[in-house]
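Read off the chains here:
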Amino acid sequence: MITKVLVAIDGSESSNRALDFGLDLAEKYNASVTVLNVVNAPVYAPSPDPLTISPDVALLSKDLRKVHESILAKALERAASFKPNVSVRTELRDGNPSDQIVLTASEGGFEVIVVGQGGESKARKFLLGSTSQRVVNAAECAVLIV
């Protein structure tokens, strides 16, 4: 029985397809959907004073968060127009995307995670593996790669 579906998105076309699939799956099982986006903030060189955050870094971080909030807002609009009867909520987390997807699924008791296939460069996939591959390897629940 599927009651909770976690859909991880990054704003790519692949994640839009994953969202549509997750919504369709949730509708069939009368399940709820949580749409997750993860802010993977770049690492900055430390400032001379470790307790001080540069205004430029703080501004960049704030702008980056706004971009990710916008991705979630668009996903919520897409969900409302595609499957208006499906219960959908959004969640924004900070950190490594694959780690946060797996952690969210575990903490939330999700039965299935839906992720898109693409979104990363070929070099990054070769060196580190794709986010979807890392989620498949670490998740304790079913993972659907769209």
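Whatever comes next refers back to the structure up there.
Model, not experiment: these values are computed from the prediction.

Participant: Is there a simple way to think about the packing of aromatic side chains in this case?
Facilitator: Two numbers describe a pair of aromatic rings. These are the distance of the centres and the angle of the planes. Within the structure shown, the criterion is met by zero aromatic pairs. Of note, K4 hangs over the ring of F110, and the distance from its end group to the ring centre comes to 4.8 Å. Just above the ring of F82 sits the side chain of K83; from NZ or CZ to the centre is 5.0 Å.

Participant: Would you mind showing me how to read the side chain of Q100 here?
Facilitator: Within the secondary structure, Q100 sits in helix α3 (residues 97-108). Under the relative-accessibility criterion, Q100 is labelled buried at 14%. Ignoring any residue separated from it by four or fewer positions in sequence, one finds Q100 in contact with L36, V38, R93, D94 and G95.

Participant: Help me understand the environment of H68 in this model?
Facilitator: With respect to the helices and strands, the residue H68 is situated in helix α2 (residues 55-82). Along the backbone, H68 and R93 are 25 residues apart, and their C-alpha atoms lie at a distance of 9.6 Å. For H68, the residues in contact, after removing those within four places along its chain, are N37, V38, V39 and L92. Looking at H68, its side chain comes within polar contact range of the side chain of N37, at 2.4 Å.

Participant: When you look at the sheet that holds strand β4 (residues 112-115) in this model, what are you seeing that I'm missing?
Facilitator: By way of backbone hydrogen bonds, the strands of a sheet pair with one another, either parallel or antiparallel. Strand order in the open sheet made by the five strands is β3-β2-β1-β4-β5, with parallel pairing throughout. Where the open sheet ends on each side, the last strands, each with one partner, are β3 (88-94) and β5 (142-145). Neighbouring strand axes in the sheet, compared pairwise and without regard to direction, differ in orientation by 25 degrees on average. One ladder, built from five bridges, connects strand β1 (residues 4-8) with strand β2 (residues 32-39); its direction is parallel. Note on β2: the bridge partner recorded for L6 is T34. Against the sheet, helix α1 (residues 13-29) engages β1, β2, β3, β4 and β5, with an angle of about 175 degrees to β1. Each of β1, β2, β3 and β4 is contacted by α3, which is oriented at about 130 degrees to β3, the strand it contacts most.

Procedures and definitions
Residues numbered from 1 in each chain as written. Predicted model: local features only at pLDDT ≥ 70, side-chain atom pairs only at ≥ 80, totals over all residues. Heavy atoms only, no water. Phe/Tyr/Trp six-rings, centres within 6.5 Å; stacked < 30°, edge-to-face > 60°. Lys NZ or Arg CZ within 6 Å of the ring centre and 35° of its normal. Helix = DSSP H or I, 4+ residues; strand = E, 2+ residues; numbered from the N terminus. Buried < 20%, exposed > 50% of the residue type's maximum accessible area, 1.4 Å probe, protein only. Contact = heavy atoms within 4.5 Å. Polar contact = N/O pair within 3.5 Å; in protein donor to acceptor, adjacent residues only side chain to side chain. Pairing = 2+ DSSP bridges. Axes fitted to C-alpha atoms, helices over the stretch in contact; angles between N-to-C directions.

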